[in-house]
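# Topology and contacts: notes
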Amino acid sequence: MSLFLQIIANGILLGGLYALMALGLALVWGVLNIVNLAHGAFIMLGAYVAFYLFTLLHLDPFAALPLCMASLFVFGYCLQRYVLNLIVRAPMFNTLLITFGFDVVLTYLAQITFSADFRVVNPSYAGANFTLFGVTLPLVRVLAFAMALALTLAVWLILARTPVGRAVRACAQNLLAARLYGVDPRTVYGLTFGLGAALAGAAGDLYAVVSQINPYIGDPLTAKSFAISIIGGLENPLGVVVGGLFLGILESLTSLYVGSTYTDVVSFGVLVLVLIARPQGLLGKTT
Amino acid sequence: MKRAIAWLALSATVVMLPLVPWIAPPALIQFGTTTLLIATLAQAWNIIGGYTGYASFGNSVFYGIGGYGTAIAMVQFDLPFGVGILLGGALAVLFALLLGLPVLRLRGHYFAIATLALAEAMAGVVSNLDIAGRNIGLILPLRKDDVLFYELSLALLALATLIVYWISRSRFGFGLIAIREDEDAAAVMGVNTTLFKSLAFMLAGFLSALAGGVHAYWITFIDPVSAFDITLNVMMIIMAIFGGAGTVLGPLVGAVLLASISEVLATEISAMASLFFGLVIVVAVIFMPRGLADLARRFRSLGWRYFRENLRLHRL
């Protein structure tokens, strides 16, 4: 029983991070109708920012979180404002393809500049853990989980309560009407994509704390983020949290009861099944 | 007159290509074989992605199945190569049929990502199968005959191109194009969309699997990572798009051009070739989203305005 609880706890902690990863992808997809296949590469970049801040400046990865987010925000904003805005009205396949191109470019630039070696961010408290109801919880994972949830909540508040959030939602609902009301979609698209990238940066920072990083971690993370967005639906950031927890717990259970080599088979299998059965997401509205 | 010259050049190339191994150095024959195989993949993708408009991001799954079908038949059951490759092709067709039925109901992003996920899941399944050598892979019997593999690849590409040529002027092909342009309208006009899409997917799968089988026997080794390589999808898609998806010769031109350039770059740093592919995707999508075929057709009348027109059409 305690083993089962431990597995569930591991899954929940993993799932919080997954939710943060998927949030940026779901936001960009919902508002801009771009499935950003370079999202995982952004996460990878965030992880390297955290790694270099830690190794060169000895900056604690949790303190580096705002810096990771800021640098990725600027990067994402410029990418959308000056490149992606050029093709945003092209058929969906073209936008999918161009982000695929970004993914390849970023991955191999990272390989050339950072080398393909595995890197770890290893703060002094990395091994610390505490026990709760007979379940061992690693400190960094709990902290990462809390950060991920806090950021998700913050994004939800920004979208729901601030003028910028309203402009973003207006563009998602009806671009023409938003324009007539004085919203400049070029800036709003830039801000949205920047926010998506910033969330990827935050996820990368936290990922670097709980796992090893190399230039190739991006692609599976993109696929997982996509799976979570599909499971949770795009309407509501809280759906992403449910999707993330679902995938995290599912992967933990799979690695215990079926074997760790099957986790990818199960998560991608579930993705395909959900796509076929309910393309609007498990929690999405039926239209 | 110009047309006659073009036809002459084309037929001269077709006659020359099989003779290349007798005059070229071994390195060139190997490069040629690789290029012909990837061109076959691009041409196969052209059937489902270019003509039918279903942007599969997981065609490498067929390539992997073809390779593994051949390898398993030859290594585990001591069957000859000819039987093995047909077995691989049959497996791919079966896979395309069974998974195509549910997956081809999805459109746009959903279809693209579902195929990508299938390729990932398949790599996971194969690396857990004993008969496929798990993570380690299989070693095929050695056959050191580069000329044979070159001619096999060439024949495969010729077959794929003939099929695409037939598609471009047959009733079946017009049905596929109708699906690409407007699937609901095509269904209303009496095109059996499910049947047509499945057939296109199966054809693409079959040709990709044959390429995978030839490649596995040529390299004499297969493992899950290389067999279901995601970058292979990038290459075949970008080659088809760059040359002109939905045209007969576009994917061939795209494949030969890009493969040659990346071969030159890879001699310096291997990561440079992949980097180059990424940059080509970005630039091509922005400035010439309909590929070289469209550029060649319209550049003469529009000149440099062609690129500006493309930009104006799609930007915010």
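Computed from a predicted structure; not experimentally measured.

Procedures and definitions
Residues numbered from 1 in each chain as written. Chains lettered and ligands numbered in written order. Predicted model: local features only at pLDDT ≥ 70, side-chain atom pairs only at ≥ 80, totals over all residues. Helix = DSSP H or I, 4+ residues; strand = E, 2+ residues; numbered from the N terminus. Rg over C-alpha atoms; globule rule 2.2 N^0.38 Å. Buried ≥ 20, exposed ≤ 12 C-beta atoms within 10 Å, placed from the backbone. Contact = placed C-beta atoms within 7 Å. Nonpolar A, V, L, I, M, F, W, Y, C, P; charged D, E, K, R; others polar. Core = buried A, V, L, I, M, F, W, Y, C linked by C-beta atoms within 7 Å. Axes fitted to C-alpha atoms, helices over the stretch in contact; angles between N-to-C directions. Parallel < 35°, antiparallel > 145°, perpendicular 65-115°, else oblique. Left-handed = near helix turned anticlockwise from the far one by under 90°. pLDDT = per-residue confidence, 0-100. Pairing = 2+ DSSP bridges. Expected span 1.5 Å × (residues − 1). Bend = angle between axes of the 7 residues up to and from the residue.

## So, the overall build of chain B
- Assigned secondary structure in chain B consists of 16 helices and 2 strands.
- A globule of 316 residues ought to have a C-alpha radius of gyration of about 20 Å, and chain B, at 20 Å, matches this closely.
- Going through the 316 residues of chain B one by one, you find that 52% of them count as buried.
- Counting only contacts in chain B whose residues sit at least 6 apart along the sequence, the fraction spanning at least 24 positions is 75%.

## Observations concerning the overall build of chain A
- Helix and strand counts for chain A come out as 11 helices and 2 strands.
- Each helix (α) and strand (β) of chain A, taken in turn from the N terminus, gives the series α-α-α-α-β-β-α-α-α-α-α-α-α.
- Radius of gyration (C-alpha) of chain A: 19 Å, near the 19 Å computed for a compact globule of 287 residues.
- Counting only C-alpha atoms and orienting by the principal axes, one finds that chain A spans roughly 60 × 45 × 35 Å.
- A burial count over chain A gives 54% of its 287 residues as buried.

## Some points on the interface of chain B and chain A
- In this complex, chain B contributes 36 residues to the contact, which on the side of chain A involves 39 residues.
- Elements with a minimum of two residues in the side of chain B that touches chain A: helix H6 (109–126), helix H12 (230–243), helix H14 (270–287) and helix H16 (305–314) of chain B.
- If you tally residues by element for the side of chain B that touches chain A, the top one is H6 of chain B, at 12 residues.
- Class assignment of the residues belonging to the side of chain B that touches chain A gives a composition of 26 nonpolar, 8 polar and 2 charged.

## Here we look at the nonpolar core
- In this structure, Leu17 and Leu20 of chain A together with Ile238 and Ile281 of chain B are the most contacted members of the largest nonpolar core, which totals 215 residues.
- Sort the elements by how many residues they give to this core and helix H1 (residues 2–32) of chain A lands first, with 16 residues.
- Other than its neighbours up to four places away in sequence, isoleucine 238 of chain B contacts Leu258, Phe277, Val280 and Ile281 of chain B.

## Let's talk about unusual backbone geometry
- The backbone of serine 115 of chain A shows a phi angle near 70°, a positive value even though the residue is not glycine.
- Inspection of the secondary structure assignment puts serine 115 of chain A in the loop between helix H4 (92–114) and strand S1 (129–132).
- Even without being a glycine, aspartate 78 of chain B presents a positive backbone phi close to 55°.
- Examined against the element boundaries, aspartate 78 of chain B turns out to sit in the loop between helix H4 (60–76) and helix H5 (81–103).

## Things to note about the packing of helix H2 (residues 39–57) of chain A against H4 of chain A
Residues and elements named next belong to chain A.
- Where H2 contacts H4, the two axes come as close as 9 Å, and the packing angle between them is 25°. As summarised for this structure, H2 and H4 are arranged roughly parallel, according to the angle between their axes. The handedness of the crossing between H2 and H4 is left-handed. Listed contacts from H4 to Ala41, Met44, Leu45 and Tyr48 of H2 are Phe102, Asp103, Leu106, Thr107, Ala110 and Phe114.
- Class assignment of the residues belonging to the contact of H2 with H4 gives a composition of 8 nonpolar, 1 polar and 1 charged.

## Remarks on the confidence of the model for chain B
- In the predicted model, chain B carries a mean pLDDT of 87, and the fraction of residues at 70 or more is 100%.
- This complex was scored by the predictor with a pTM of 0.83 and an ipTM of 0.79.

## Some thoughts on the pairing of strand S2 (residues 135–138) of chain A
All names here are of chain A.
- Pairing of S1 with S2 involves 4 bridges; the strand directions are antiparallel. Within S2, the residue paired with threonine 131 across the bridge is threonine 136.
- Connecting S1 to the antiparallel partner S2 that follows it, the hairpin turn spans 2 residues, and phenylalanine 133 within it adopts a positive phi of roughly 50°.

## A few points about H4 of chain A
Residue and element names in this part refer to chain A.
- With 23 residues, H4 extends 32 Å between its outermost C-alpha atoms, agreeing within 8% with the 33 Å of an ideal straight helix rising 1.5 Å per residue.
- With 17 of 23 residues buried, H4 is to be regarded as a mostly interior element.
- Of the residues trailing H4, serine 115 is marked for its positive phi of about 70°.

## Quick notes on H1 of chain A
Residues and elements named next belong to chain A.
- Here H1 is 31 residues long and its end C-alpha atoms lie 44 Å apart, about the 45 Å a rise of 1.5 Å per residue gives.
- Most pronounced at alanine 22, the bend in H1 amounts to some 30°.
- For H1, a buried count of 22 out of 31 residues is recorded, marking the element as mostly surrounded by other parts of the structure.
- Following H1 by one or two positions, asparagine 33 has its phi on the positive side, about 55°.

## Some remarks on the environment of histidine 109 of chain B
- Take histidine 109 of chain B: it is sitting in helix H6.
- Residue classification places histidine 109 of chain B among the buried positions, given that 21 C-beta atoms sit within 10 Å.
- C-alpha of histidine 109 of chain B to C-alpha of tyrosine 63 of chain B: the two residues are 46 residues apart in sequence and 22 Å apart in space.
- In this structure histidine 109 of chain B touches Val35, Met92 and Leu96 of chain A, once residues within four positions along its chain are discounted.

## Regarding the environment of alanine 170 of chain A
- Along the chain, alanine 170 of chain A falls in helix H6 (residues 163–173).
- With residues near it in sequence (within four places) discarded, alanine 170 of chain A still touches Ala178, Tyr181 and Val183 of chain A.

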